[in-house]
Amino acid sequence: MRRGLTQRTVLVGILIGAVVIAEFAVLFLAFASLRAEERQDNQAVRVLATSNALEESVLNMSTGLRIYLISGRPDQLAAYQAALAEYPQQVRELDHFTAGSSELHAQVASIGDAIAGYVRRWTTPIIRLSRSNLTRARLVFASNAAKQPVVGIRNQFATLDRRQQELSRLRR
């Protein structure tokens, strides 16, 4: 009889130990899952924050150029020049943050190309023109055609941000 009680006690001890180990395993897996979700959320926040900063740079370029053309004073190009200097690094950061998603990555490449095109085809030529004919530069910049690149770029940002938010929801 004593042997049966010892065996039962050992068996209950093993059973309790197995339950405790199983509970730790479940807790470990839950913790690992939460950490992975937190990393994804942090990545989404980085993408959205960098996207917003880059969009702000585009707006600062446009606004800075507008202020310069209204005032006619070259020192008023400071906001434009600062944004012009910042945007390439912001594009690289956004490119890095979206490297895990081919869809977002392609969208960022398109945005970077659109900004470079805006600078190459609009802002730089308008500044150059303003140095010889400020009135003509003002007219060109005020045209609807000059506004379209910024509208298009902003639409691309809206698409990128919306898609990042959708992907974040799908991952949950």
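Preceding this paragraph is the structure being described.
Note that the structure is a prediction, hence the values are computed from the model and not measured.

### A word on the overall build of the protein
And step 1. A tally of regular secondary structure across the protein gives five helices and zero strands.
And step 2. Along the chain direction, N to C, the helices and strands of the protein fall in the order α-α-α-α-α.
And step 3. In terms of overall dimensions, the protein is more spread out than a globule: its C-alpha atoms have a radius of gyration of 29 Å, far above the 16 Å expected for 172 residues.
And step 4. The proportion of buried residues among the 172 residues of the protein is 30%.
And step 5. Counting contacts in the protein only where the partners sit at least 6 residues apart, residues at least 24 apart contribute 72% of the total.
And step 6. By element, 60% of the accessible surface of the protein is carried by carbon and sulfur atoms, the whole surface being about 11000 Å².
And step 7. The protein carries 22 positive and 14 negative side-chain charges, and their two centres are separated by 2 Å.

### Brief notes about the nonpolar core
And step 1. Grouped together as the largest cluster of nonpolar side chains are 30 residues, with contacts concentrated most on L54, M61, L65 and I115.
And step 2. When contributions to this core are tallied by element, the ones reaching two or more residues are α1 (2–71), α2 (78–97), α3 (102–132), α4 (134–142) and α5 (144–171).
And step 3. Ignoring sequence-local partners within four residues, the contact set of I115 consists of L54, V58, M61, Y87, I153 and F157.

### Concerning α5
And step 1. With 28 residues, α5 should reach 40 Å at 1.5 Å per residue; the first-to-last C-alpha distance of 41 Å fits that figure.
And step 2. Of the positions making up α5, those classed as buried are A146, P149, V150, I153, Q156, F157, L160, D161, Q164, L167 and S168.

### Notes on α4
And step 1. Buried within α4 are the following residues: A137, V140 and F141. In an axial view of α4, the angular spread of the buried residues amounts to 95°, which keeps them on one side of the axis. Seen from the buried face of α4, the exposed residues on the opposite side, beyond 90 degrees, are T135 and L139.

### Considerations on the pattern of salt bridges
And step 1. Enumeration according to the criterion identifies four salt bridges in this entry.
And step 2. Residues R154 and E55 are paired through a salt bridge, measuring 3.0 Å at the closest nitrogen-oxygen approach. With R154 in helix α5 and E55 in helix α1, the pair connects residues that are 99 residues apart, well separated along the chain.
And step 3. One network of salt bridges, in which partners are shared, links E103, R163 and E166.

Conventions adopted
- Residues numbered from 1 in each chain as written.
- Predicted model: local features only at pLDDT ≥ 70, side-chain atom pairs only at ≥ 80, totals over all residues.
- Heavy atoms only, no water.
- Helix = DSSP H or I, 4+ residues; strand = E, 2+ residues; numbered from the N terminus.
- Rg over C-alpha atoms; globule rule 2.2 N^0.38 Å.
- Buried < 20%, exposed > 50% of the residue type's maximum accessible area, 1.4 Å probe, protein only.
- Contact = heavy atoms within 4.5 Å.
- Areas by Shrake-Rupley, 256 points an atom, 1.4 Å probe, with all protein chains shown as cover.
- Lys, Arg positive; Asp, Glu negative; His and termini not counted.
- Charge placed at Lys NZ, Arg CZ, Asp CG, Glu CD.
- Core = buried A, V, L, I, M, F, W, Y, C linked by side-chain atoms within 4.5 Å.
- Expected span 1.5 Å × (residues − 1).
- Arc of directions from axis to C-beta.
- Salt bridge = Lys/Arg side-chain N within 4 Å of Asp/Glu carboxyl O.

So far we have only geometry, and geometry alone does not tell us how the molecule works.
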